[in-house]
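Here is what each chain is made of, one letter per residue.
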Amino acid sequence: MKFEGKTHKFGNDVNTDYIISGKYKFKTLDMRELAKHVMEDLDPDFYSKISKGDFIVGGSNFGCGSSREQAPLAIKYADISAVLAKSFARIFYRNAINTGLPVVECDTDLIDPGDELEVDLAGGTVINKTKGTSIPAKPLPPVMIKILNDGGLAPHFRKHGGFNL
Amino acid sequence: MGQTIIEKILSQHSGQNTSANDIVVARVDFIMGQDGTSPLAIRAFENMDGKEVFDPQKIALVIDHSSPSPNDGVSGLHKLMREFARSKGVHLYDIGEGVCHQVVPESGKVGPGCLVIGADSHTCTYGALNAFSTGVGSTDLAGGLISGKMWFKVPETIKFVCHGELPKGVYSKDLILHLIGDVTADGATYKAVEFTGQAIDTLSMDARFTISNMAIEMGAKAGLMEADEKTFSWLARFTDKQFEPVKADPDASYADIREYDVSGLEPQIAKPHTVDNVSPLSEVAGTPVQQAVLGTCTNGRLEDLRIAASIIKGRKINPDVRFIVAPASKTIYLEAMRDGTLQALVEAGAAVVTPGCGPCVGTHNGVPSDGENVISTANRNFKGRMGNSNAFIYLGSPATVAASALTGEITDPREFIK
């Protein structure tokens, strides 16, 4: 899986309340509707700034806080292709893989807002085209690659009738 | 080599002798979902071609986050949960029963050595009962509902050894805020933590739940304690089921062992807008507050309500403060009615809302206005958490919230404790 796009950069400890506020997520299962409010408390106009395929770039502990799966889903349905961060909170990380949102651990200090990136998930490489640099990414554990290859945990269950890791 | 508590529980539940960083598929003893996460889990269950749940007796759904429903959108999702529970024979705790993290322990189905998953990040609360319980998302929950299993990476463990006893007017909430401030919001990410030492041993179960509840605020997968007499006598109130306690081996391997002496600890406050932005209360004393909140899965238990009532009884809250109280469960609500605790709080000016999450998650029951300050016993103070990103949330103990409700500003509760 290969993606290209420009980056939107955020700081450390971006929590799931910021990704999608509780005041919206309890009301609906319409993820396109939730996506309109993604990152609203950090940047009220964020949704309108996204072009299809863009990346969200965070610092450390991205996705901390609540277990809401609406967080990776709101990002995915806002047409973000992947999230890059120095580290992720563990529930968000699992939820992202389970719902098919690619997450990449790498040194995001080497990325500035608006940089154009090329991300190759299988190869584990991040190319910063704006800066002409290559950033090493931490490979996903084999269990997660298996789930991602099946398209998420739900397709994995449909395919195998349960866990086949 | 010896094992930590979590290595032992995951070994027992996977049938393999595991240690940190292994990946295992383990059976789960209990599964919980709440109204913010279950609707998506039900959809994932259907996407997985789920037909029946693995064991209806080992599952609970709880309507606590927006309870009773504040609007038609939420009502539709609650209905979806009720219909799913009915069709699968699963018990649903409907409005007014309480917060998931109180009603699940009160069900008596979770105890020492159990492995529990819940679609709520504060599922780590039952670590105080010597269970490995952890928060998951809706899709992991759906996989569990179908198979009775989940995959886990066995985490490394950080051990917190807390020496001494908490001084008068300083509580387990102050201790856990202090620890989170020290290790920061990602200090235990991907790891489990164990809380041990005399300071933990001397705490009541209600006070211990507060500590395990907030393990996630340092990023931890679990906040484990060993079981003792207090654990078993607490459980005996709700079940006659026997549980096998799990102790860490003396030669278990830890990622870090951190030692603290709590005997000089002062009341602590987490300041806006992160839980690890902690300082001694004295640094923010005098900050005006317009709303005070007592309740939530962190501090809505009987002991918490009694501590607040002991400070407030016979006094009146400041006229410029709204004081909102949400008992953590119906059981607690009834006990607090019988022993006069609620009467003391209401006579002083408190507004008591339905047992549940109350105003903590920003859907109803007390959304603050622009520029207002809230002092709360909850576990999160993120910007916008209570439904308004222009408000400011400070976290403290039930005693601190009570004292601040009386004065209208952040106040050291020891001023009211003889």
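The rules behind the values
Residues numbered from 1 in each chain as written. Chains lettered and ligands numbered in written order. Predicted model: local features only at pLDDT ≥ 70, side-chain atom pairs only at ≥ 80, totals over all residues. Domains from an automatic or database assignment. Contact = placed C-beta atoms within 7 Å. Helix = DSSP H or I, 4+ residues; strand = E, 2+ residues; numbered from the N terminus. Nonpolar A, V, L, I, M, F, W, Y, C, P; charged D, E, K, R; others polar. pLDDT = per-residue confidence, 0-100. Buried ≥ 20, exposed ≤ 12 C-beta atoms within 10 Å, placed from the backbone. Core = buried A, V, L, I, M, F, W, Y, C linked by C-beta atoms within 7 Å. Pairing = 2+ DSSP bridges. Right-handed = clockwise from strand over helix to strand, strands pointing away.

Asker: Help me understand the domain arrangement of chain B, please; the structure alone is not making it clear to me.
Answerer: One frequently used descriptor of interface size is the decrease in accessible area upon assembly of the parts. Residues and elements named next belong to chain B. Domains assigned within chain B are domain 1 (5–260) and domain 2 (270–411). Placing the centre of domain 1 and that of domain 2 at their C-alpha centroids yields a distance of 24 Å. Listed as interface residues are 35 residues of domain 1 and, on the opposing side, 32 residues of domain 2. Elements that contribute at least two residues to the side of domain 1 that touches domain 2 include exactly α4 (100–106), α6 (172–183) and α8 (205–213). For the side of domain 1 that touches domain 2, the class distribution of residues is twelve nonpolar, 16 polar and seven charged.

Asker: Is there a simple way to explain the confidence of the model for chain B in this structure?
Answerer: Caution is warranted with low-pLDDT regions, since their predicted coordinates should not be read in detail. Here chain B shows a mean pLDDT of 97. Residues at 70 or above account for 100%. For this predicted complex, the interface score ipTM comes out at 0.93, while the overall pTM is 0.96.

Asker: I would appreciate a short explanation of the interface of chain A and chain B in the present structure.
Answerer: Of the residues lining the interface, 39 residues belong to chain A; the matching set on chain B comes to 48 residues. Breaking the side of chain A that touches chain B down by element, the ones donating at least two residues are α1 (16–19), α2 (22–25), α6 (90–99) and α8 (153–160) of chain A. If you tally residues by element for the side of chain A that touches chain B, the top one is α6(A), at six residues. When grouped by side-chain class, the residues that make up the side of chain A that touches chain B number 13 nonpolar, 15 polar and eleven charged.

Asker: Quick question: what am I supposed to make of α8(B) here?
Answerer: Because each turn of an α-helix spans 3.6 residues, side chains separated by three or four positions in sequence point in the same direction. The buried fraction of α8(B) amounts to eight of the nine residues, a majority that puts the element mostly inside the structure. For α8(B), the complete set of buried residues consists of D206(B), A207(B), R208(B), F209(B), T210(B), I211(B), S212(B) and N213(B).

Asker: Would you take a moment to explain the nonpolar core for this structure?
Answerer: Looking at soluble globular proteins, one finds that nonpolar side chains tend to be buried together. By size, the foremost hydrophobic cluster in this structure holds 188 residues, and its most contacted members are A74(A), I75(A), V83(A) and A308(B). For I75(A), the residues in contact, after removing those within four places along its chain, are I19(A), V38(A), I56(A), I80(A), V83(A) and L101(A).

Asker: Just checking my understanding: could you explain the pairing of strand β2 (residues 30–34) of chain B for this structure?
Answerer: Strand residues, when the strand is regular, have side chains that alternate between the two faces of the sheet. All names here are of chain B. Of all five residues that make up β2, five are buried, and the element is covered over most of its length. As paired elements, β2 and strand β5 (residues 115–119) share four bridges and run parallel to each other. The residue bridging F30 from the neighbouring strand is V116, located in β5. This β-α-β element, β2 to helix α2 (residues 38–47) to strand β3 (residues 59–62), shows right-handed connectivity.

Asker: What exactly am I supposed to notice about unusual backbone geometry here?
Answerer: Most peptide bonds take the trans form, and the phi angle of most residues other than glycine is negative. Residue and element names in this part refer to chain B. Backbone torsion omega between S67 and P68 reads -5 degrees, so that peptide bond is classified as cis. Inspection of the secondary structure assignment puts P68 in the loop between β3 and α3 (72–88). Residues P272 and H273 are joined by a peptide bond in cis, for which omega reads -5 degrees. Mapping H273 onto the fold places it in the loop between β12 (268–270) and β13 (278–280). We note that T184 has phi near 75 degrees; this positive angle belongs to a residue other than glycine. Relative to the assigned elements, T184 resides in the loop between α6 and β9 (192–196). In this structure T184 comes out as buried when scored by C-beta crowding, with 21 C-beta atoms within 10 Å. Even without a glycine there, the phi angle at T296 is positive, about 80 degrees.

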